[in-house]
Structure formats: structure tokens, C-alpha cells
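Examining the three-dimensional arrangement
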Amino acid sequence: ACARNQLSGGAARDAASEAEAMAQTMVANGAGMNPSESPYSEGDKVIIPQQSLVYEAKVEKVQFDAKVGWKYFVHYMGWNKKYDEWLPHSSLKEFDENAKLTKPSWKKTKKAEDEDSESVAKIPLPNPLKNRLVTEWDAIT
């Protein structure tokens, strides 16, 4: 009987620590929070760290899911809307003006533009073919 009590006491401690771990996970994901009070609202600016990069985003939609907790549809500022996505509460951080943010870069550098034009211009053509193409081009323009 004594061994059975020790065994059941150990099982109870394991179950209690498992329940505590689950509760911590739920709180981290926003599931343990009050479903009527979201930590972030639509229109809030947030930051989203991903690997070594940090992105600025805007909360577009807010939803509470009983299994995962609060989740947010975010738009990455300066990025195409095709990158908008749903993220759990644990992926968002409060906006910080001092955070070093990752900005999108659409502009080609001067070097990239030069490389593009050089690769287009370097098509080897035999001289007779080149002369004929130039003559025909002149005739149609």
C-alpha cells in the first residue's frame, strides 16, 4: 500500500507539472488570455522578429481561437499584400521605435543595372547577319 501511495503521488506530481507546462504554453500563445480582451487591436503597429530580421507590421484583423488563443492577420509595412498572414500572439511584439527594422528594397543598384544591360548587349553575331539585321531594321522604321 505504501508503494502504491508513492507511485500515485509521483503520478500526481507529473500530471501537475504537465498541466502547468500546458498552461504556460497556452499563455505564451495567447490562449490563456481573456477572450474578450485582445492584447493588440486592429490598426496597432507591431514588430515581428523572424530569424535575424525584424519587420514592422500593422494588425489588420483580430480573432480568438479556443485552441490557439489570439491570432492576428498582419500586413508587413512596405511589402506587397500577398505577404500578409495570420500569426499567433506569440509571434508579435510591441512596436518599438528604436528597433532596427528590415525594409523592403525594390530599387536596383547601379551595378545590377549595368550587369543587365551588358548581358543583353553581348550577343555574338556574325558580321553578315548583323549587317542584314541593321539594314532590315532601317527599312521598317
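Before any of the text, the structure's been laid out above.
Here's a quick rundown of the structure.

Basis of the calculations
Residues numbered from 1 in each chain as written. Predicted model: local features only at pLDDT ≥ 70, side-chain atom pairs only at ≥ 80, totals over all residues. Heavy atoms only, no water. Phe/Tyr/Trp six-rings, centres within 6.5 Å; stacked < 30°, edge-to-face > 60°. Helix = DSSP H or I, 4+ residues; strand = E, 2+ residues; numbered from the N terminus. Buried < 20%, exposed > 50% of the residue type's maximum accessible area, 1.4 Å probe, protein only. Lys NZ or Arg CZ within 6 Å of the ring centre and 35° of its normal. Contact = heavy atoms within 4.5 Å. Patch = residues over 30% accessible without salt bridge, like charges linked within 9 Å, V, L, I, M, F, W, Y side chains within 5 Å. Areas by Shrake-Rupley, 256 points an atom, 1.4 Å probe, with all protein chains shown as cover. Salt bridge = Lys/Arg side-chain N within 4 Å of Asp/Glu carboxyl O. Pairing = 2+ DSSP bridges. Lys, Arg positive; Asp, Glu negative; His and termini not counted. Polar contact = N/O pair within 3.5 Å; in protein donor to acceptor, adjacent residues only side chain to side chain.

So, the packing of aromatic side chains
Given two aromatic rings, one states the distance between the centres and the angle between the planes to describe the pair. Across all of its chains, the model carries six aromatic pairs by this definition. A centroid spacing of 6.0 Å and a plane angle of 75° characterise the contact between Tyr-55 and Trp-79, whose relative ring orientation is edge-to-face. Taken together, the residues Tyr-55 in strand S2 (residues 53-65) and Trp-79 in the loop between strand S3 (69-76) and strand S4 (85-88) connect sequence positions 24 residues apart. By relative accessible area, which is 27% here, Trp-79 ends up partly exposed. With a centroid separation of 5.0 Å and 70° between ring planes, the pair formed by Phe-64 and Trp-70 is classed as edge-to-face. Connected via pairs of aromatic rings, a cluster forms that spans Tyr-55, Tyr-76, Trp-79 and Tyr-83. Positioned above the aromatic ring of Phe-73 is the side chain of Lys-61, whose terminal nitrogen or guanidinium carbon lies 5.4 Å from the ring centre.

Topic: the side chain of His-75
With respect to the secondary-structure elements, His-75 resides in strand S3. Given a relative accessible area of 18%, His-75 falls into the buried group. Excluding its chain neighbours within four sequence positions, the residues that come into contact with His-75 are Glu-56, Ala-57, Lys-58, Glu-60, Asn-80, Lys-81 and Asp-84.

So, a nonpolar patch on the surface
Judged by side-chain polarity, Ile-123, Leu-125, Leu-129 and Leu-133 come together as a nonpolar surface patch covering roughly 350 Å² of accessible area. Positionally, Leu-129 belongs in helix H3 (residues 127-140).

Looking at the pairing of S2
In terms of strand pairing, strand S1 (residues 45-50) meets S2 through six bridges, oriented antiparallel. Within the sheet, the bridge partner assigned to Pro-49 lies in S2 and is Val-54. Linkage of S1 to S2, two consecutive antiparallel strands, is achieved through a turn of two residues, within which Gln-51 is found at a positive phi near 55°. Bridge count for S2 against S3 is eight bridges, and the pairing is antiparallel. The residue bridging Val-62 from the neighbouring strand is Tyr-72, located in S3. Taken together, S2 and the strand that follows it, S3, pair antiparallel across an intervening segment of three residues.

Examining the pattern of salt bridges
Enumeration over the complete set of coordinates arrives at two salt bridges. Note that Glu-136 is salt-bridged to Arg-132, the shortest N-O span being 3.0 Å. Separated by four residues within a single helix, Glu-136 and Arg-132 lie in helix H3, roughly one turn from each other. Judged by its relative accessible area of 40%, Glu-136 falls in the partly exposed class.

Quick word on unusual backbone geometry
The phi torsion of most residues other than glycine is negative, and most of the peptide bonds are trans. Located in the positive-phi region is Gln-51, a residue other than glycine, with phi close to 55°. Within the secondary structure layout, Gln-51 lies in the loop between S1 and S2. A relative accessible area of 85% places Gln-51 in the exposed class.

Points about the sheet that holds strand S5 (residues 93-94)
Read from one edge of the open sheet, five strands run S4-S3-S2-S1-S5, paired in antiparallel fashion. Two strands close off the open sheet at either side, each with one partner strand: S4 and S5.

Topic: the side chain of Asp-84
Tracing the chain through its elements places Asp-84 in the loop between S3 and S4. No salt bridge is formed by the buried Asp-84. Its closest oppositely charged neighbour is Lys-81, at 7.6 Å. A polar contact of 2.7 Å, which involves the side chain of Asp-84, links it to the side chain of His-75. If we skip the residues at most four places from it in the chain, Asp-84 touches Phe-73, Val-74, His-75 and Tyr-76.

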